[in-house]
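An overview of the molecular structure
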Amino acid sequence: HSLSIPATTPPGLQVQKLLAGVRDRGGTCAVVECSSYAMANRELDWLEVGVVVHTRLSLSAESSPKMQQQLRAELALFEKLYDPTTQAAVINLDDPAADLVKASASAVPVVTYGIDNPDADVYAETAKMDIWESEVIVRTPLGKLQIITPLLGKHNVYNILAAVATGICLKIPLKSIVAGIEAVEVVPGRSELIDEGQGFSVIVDAADTPEAVDAMLSALAGKAKNILTVIGCRGQESRAPRPYISEVVHAKSDLVIFTNDSPRQEPPEQIIQDMVAGLPEDLVSRYSGYVYFPFQDQGHVPLWFEPYLQRAQRTTKRYVMEDRFSAIRAAIGTAGPGDVVVILGRGHKDYMEYGAEDDTTVLGWFDDRVEARSALSKLTYLDQLSDLSRNKLPWGSALDDMETVIDPPPTEHWTTSGSV
């Protein structure tokens, strides 16, 4: 049975209604994600918890006022634990705030977990990952575990360790803990593998901050022949992270396609402009003599300039396609054996938000996972075109045939206006 709830922790009364519904249907256990906002607003005051799990705060927790507020709210939740016979705390020992959290949970048993700190009760001795699965060897007070899962990335290793530690608190047998974790084939839109039998990996993830994008792409570094990233930023949200997101994807990807992600009332070209501002200056300055900026959607430049734009984007492997439908298909059609296509920012969402003429926002259906599967289903037809070269965009050899015409001339050969 499923219920529609907000993307964050619901109000306290709705939490109670949801839990009552679980109980009425025979449920005996529930997992509630507690946001710092809900804790600060006392939405969970009447929630009798058995185990409280501390995951992580930002590394700037000690200097950021916002992080300090979140930390105080979280500590208050641990301070409410009072019964050592029925309650326990699980704490990420790698987090800078771990000691403060442990002190707040002093009234109950504490089980720690970590990847970097070998003093953790539940410790990842090894974590091996490729573009298809993760294998984690976990040391616990009760023995070692081997866990193999399709969940990828260091952040998912932390999630696995937190689950193991929680299971130990609840006195669940180790075999049952392993079986339960390995039974999770997918968390919708979170490092979700799209496997239709192709020779490369496709991953859909909701990462939409510089930190989350970095974590996702860093987990794949060295595991794939090439990393092809499709990413956009939502409109009418803070513009500040956009160039930093691009800086990360440029550093961590072999090929990048900048695209739309719910532009809402903001012009898509403005969002893209903010994003490509994060590209290295030396890369962009190669084309400073061009009449038009080449890192934009080709729909915004005259037809005669399109080959110049395409050549610049092909040379740098930094593409702009505002149409997300086309961007996903371009990335998947270009990927080769051993590559990984990473589609970031939207995760499990099945809609896009667009601005209407009357200044309202309309919803249009769009699901990255469905579009990825649709694109994969077309590869059979593309493979039949044996003469079509698809290892770089745009596909085919037409642009190569124009190479002598559209290569940027040396600086000393530019016109006095510096324009090509």
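Described below are features of the structure shown in this document. (Residues numbered from 1 in each chain as written. Predicted model: local features only at pLDDT ≥ 70, side-chain atom pairs only at ≥ 80, totals over all residues. Heavy atoms only, no water.)

Glancing now at the pairing of strand β12 (residues 340–344). Burial within β12 is extensive, with 5 of its 5 residues counted as buried. Because side chains alternate across β12, one face comprises the buried residues Val340, Val342 and Leu344, and the other comprises Val341 and Ile343, equally buried. Bridge count between strand β9 (residues 227–231) and β12: 4 bridges; the pairing is parallel. Bridged to Thr229 within β12 is Val342. (Buried < 20%, exposed > 50% of the residue type's maximum accessible area, 1.4 Å probe, protein only. Helix = DSSP H or I, 4+ residues; strand = E, 2+ residues; numbered from the N terminus. Pairing = 2+ DSSP bridges.)

The step from Leu393 to Pro394 runs through a cis peptide bond, and the omega angle for that step is -15°. One can find Pro394 in the loop between α14 (379–383) and α15 (398–401). Unusually for a residue other than glycine, Lys317 sits at a positive phi of about 60°. Mapping Lys317 onto the fold places it in the loop between α11 (306–316) and β11 (318–320). Judged by its relative accessible area of 39%, Lys317 falls in the partly exposed class.

Enumeration over the complete set of coordinates arrives at 10 aromatic pairs. The interplanar angle of 75° and the centroid separation of 5.9 Å between the aromatic rings of Tyr287 and Phe295 together place this pair among those described as edge-to-face. Each of the two residues, Tyr287 as well as Phe295, counts as buried. Among the aromatic residues, those joined into a ring-pair cluster are Tyr287, Tyr290, Tyr292, Phe293, Phe295, Trp304, Phe305 and Tyr308. Note that Arg329 overlies the ring of Phe325, its terminal NZ or CZ placed 3.6 Å from the centroid. (Phe/Tyr/Trp six-rings, centres within 6.5 Å; stacked < 30°, edge-to-face > 60°. Lys NZ or Arg CZ within 6 Å of the ring centre and 35° of its normal.)

Once that is clear, we can look at the pattern of salt bridges. Across all of its chains, the model carries 22 salt bridges by this definition. Between Lys252 and Asp214 there is a salt bridge whose closest N-O contact spans 3.6 Å. Separated by 38 residues along the polypeptide, Lys252 in helix α8 (residues 241–252) and Asp214 in helix α7 (residues 210–220) bring together distant segments of the chain. Overall, Lys252 belongs to the partly exposed group, its relative accessible area being 32%. Linking Arg390 and Asp383 is a salt bridge whose minimum nitrogen-to-oxygen distance equals 3.3 Å. Exposure remark for Arg390: the relative accessible area of 15% places this residue in the buried category. Look at the salt bridges and you will find they share partners, linking Asp208, Arg234, Glu237, Asp261, Arg264, Arg324, Arg346, Glu353 and Asp368 into a network. (Salt bridge = Lys/Arg side-chain N within 4 Å of Asp/Glu carboxyl O.)

Our focus in this paragraph is the sheet that holds β12. Spatial strand order, β7-β8-β12-β9-β10-β11: 6 strands in an open sheet with mixed pairing. The sheet is open, and its two borders are formed by β7 (192–193) and β11, each paired with just one other strand. The strands touched by helix α9 (residues 268–276) within the sheet are β9, β10 (255–258) and β11, with β10 carrying the most contacts at an inclination of about 150°. (Contact = heavy atoms within 4.5 Å. Axes fitted to C-alpha atoms, helices over the stretch in contact; angles between N-to-C directions.)

Take the nonpolar core next. Val213, Leu220, Ile231, Phe258, Val340, Val342 and Leu344 are the most contacted members of the largest nonpolar core, which has 37 residues in total. Not counting residues within four places of it along the chain, the set of residues in contact with Val340 comprises Ile131, Ser201, Ile203, Leu220, Ala224, Asn226, Ile227 and Leu228. Counting 26 residues, the second largest nonpolar core, distinct from the first, contains Val202, Val230, Ala330 and Ala331. (Core = buried A, V, L, I, M, F, W, Y, C linked by side-chain atoms within 4.5 Å.)

The next point concerns the layout of surface pockets. Quantified by volume, the second largest pocket comes out at close to 440 Å³. Lining the second largest pocket are 25 residues; nearest its centre among them are Thr334, Ala335, Gly336, Pro337 and Asp339. Secondary structure elements with two or more residues in the lining of the second largest pocket: α12 (324–334) and α14. Among the elements that make up the lining of the second largest pocket, the one with the highest residue count is α14 (3 residues). Taken together, the residues that form the lining of the second largest pocket break down as 9 nonpolar, 7 polar and 9 charged. (1 Å grid on protein atoms, 1.4 Å probe; cavity = no way out; pocket = protein on both sides within 12 Å on 5 of 7 lines; lining within 4 Å. Points joined across faces, edges and corners; volume = space filled by probe spheres on them. Nonpolar A, V, L, I, M, F, W, Y, C, P; charged D, E, K, R; others polar.)

Spatial ordering of the open sheet is given by β1-β2-β3-β4-β5-β6, a layout of 6 strands whose pairing is mixed. Strands with a single pairing partner mark the edges of an open sheet, and in this sheet they are β1 (51–54) and β6 (143–149). Adjacent strand axes in the sheet meet at a mean angle of 20° when their direction is disregarded. Where β1 meets strand β2 (residues 88–92), 4 bridges bridge the pair, whose relative direction is parallel. By the bridge assignment for β2, Val51 is matched with Ala88.

At a minimum axis distance of 10 Å, the contact between helix α5 (residues 154–169) and helix α6 (residues 174–182) shows a crossing angle of 145°. α5 and α6 meet at a crossing whose hand is right-handed. Residues Ile160, Ala163, Val164, Gly167 and Ile168 of α5 touch α6, and the partners they reach there are Leu174, Ile177 and Ile181. Looking at side-chain class alone, the contact of α5 with α6 contains 7 nonpolar, 1 polar and no charged residues. (Left-handed = near helix turned anticlockwise from the far one by under 90°.)

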